[in-house]
Amino acid sequence: QVQLTESGGGLVQAGGSLRLSCAASGRIFPATVMAWHRQVPGKERELVATLTAGGSSNYAESVKGRFSISRDKAGKMLYLQMNNLKPEDTAVYYCYAHFGFAVWGQGTQVTVSS
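Residues numbered from 1 in each chain as written. Predicted model: local features only at pLDDT ≥ 70, side-chain atom pairs only at ≥ 80, totals over all residues. Heavy atoms only, no water.

As for its position among the elements, T50 is in strand 5 (residues 46–52). Beyond its immediate stretch of four places on either side in the chain, T50 contacts V33, M34, A35, S56, S57, N58 and I69. (Helix = DSSP H or I, 4+ residues; strand = E, 2+ residues; numbered from the N terminus. Contact = heavy atoms within 4.5 Å.)

The topology assignment puts A24 in strand 3 (residues 18–26). By relative accessible area, which is 12% here, A24 ends up buried. Sequence spacing of A24 and C95 is 71 residues, and the spatial spacing of their C-alpha atoms is 9.7 Å. The residues contacting A24, other than those within four sequence positions of it, are Q3, L4 and K76. (Buried < 20%, exposed > 50% of the residue type's maximum accessible area, 1.4 Å probe, protein only.)

Here the structure, examined in full by the defined rule, presents 2 aromatic pairs. With 6.1 Å between their ring centres and 40° between their planes, F99 and F101 make a pair best called tilted. Judged by its relative accessible area of 9%, F99 is buried. Sitting over the face of the ring of W104, R45 holds its NZ or CZ atom 4.6 Å from the ring centroid. (Phe/Tyr/Trp six-rings, centres within 6.5 Å; stacked < 30°, edge-to-face > 60°. Lys NZ or Arg CZ within 6 Å of the ring centre and 35° of its normal.)

With that settled, consider the state of the cysteines. Here the structure, examined in full by the defined rule, presents 1 disulfide. Between the sulfur of C22 and that of C95 lies a disulfide, 2.0 Å long from S to S. Here the disulfide of C22 and C95 is left-handed, its torsion about the S-S bond being about -80°. Taken together, the residues C22 in strand 3 and C95 in strand 9 (residues 91–98) connect sequence positions 73 residues apart. For C95, a relative accessible area of 0% translates into the label buried. (Disulfide = S-S within 2.5 Å.)

Moving on: the nonpolar core. In terms of nonpolar packing, the biggest core is built from 29 residues, with W36, V48, F67, L78, L80, M82 and Y93 touching the most fellow members. Leave out the neighbours within four places in its chain, and L80 touches L18, R19, L20, W36, V48, A49, F67, S68, I69 and Y93. (Core = buried A, V, L, I, M, F, W, Y, C linked by side-chain atoms within 4.5 Å.)

It is possible for side chains of opposite charge to pair when their charged atoms get near one another. In this structure the tally under the stated criterion is 4 salt bridges. Between E46 and R38 there is a salt bridge, and its shortest N-O distance comes to 2.8 Å. Here R66 makes a salt bridge to D89, at a shortest N to O gap of 2.7 Å. With R66 in the loop between strand 6 (57–59) and strand 7 (67–71) and D89 in the loop between strand 8 (77–82) and strand 9, this pair connects stretches of sequence that are 23 residues apart. Just as R66 is buried, D89 falls in that class too. Connected via shared salt-bridge partners are R38, E46, R66 and D89. (Salt bridge = Lys/Arg side-chain N within 4 Å of Asp/Glu carboxyl O.)

Moving on, we get to the environment of R38. Structurally, R38 can be placed in strand 4 (residues 33–39). In sequence terms R38 and T108 are 70 residues apart; their C-alpha atoms lie 9.3 Å from each other. Aside from chain neighbours lying at most four places away, what touches R38 is E44, R45, E46, V48, S62, V63, F67, E88, D89, A91, V92 and Y93.

Below, the structure is given as structure tokens:
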């Protein structure tokens, strides 16, 4: 069983930065894709950034140039560096990984004040 645990969320002023972390535990084997999603109450979950096992990354247009997804060499940690945060980035952020089956973290709240 694989578990994903996010951390690093919090309250920050507009223009500030946060770094989210996602720790994978359990029976670890390489994930084919890891990603960050976010969700605002009443709206659908939105894909923020993806990172493949080969190292290719993609970003939602709304975060390009501000957010950066990365992982450690062991593949047990996933990160999301978020710079120049905006109030519209306020959401619960979820870590996702695909190991042949999908696994989600429990989410971490990010709140950006104006």
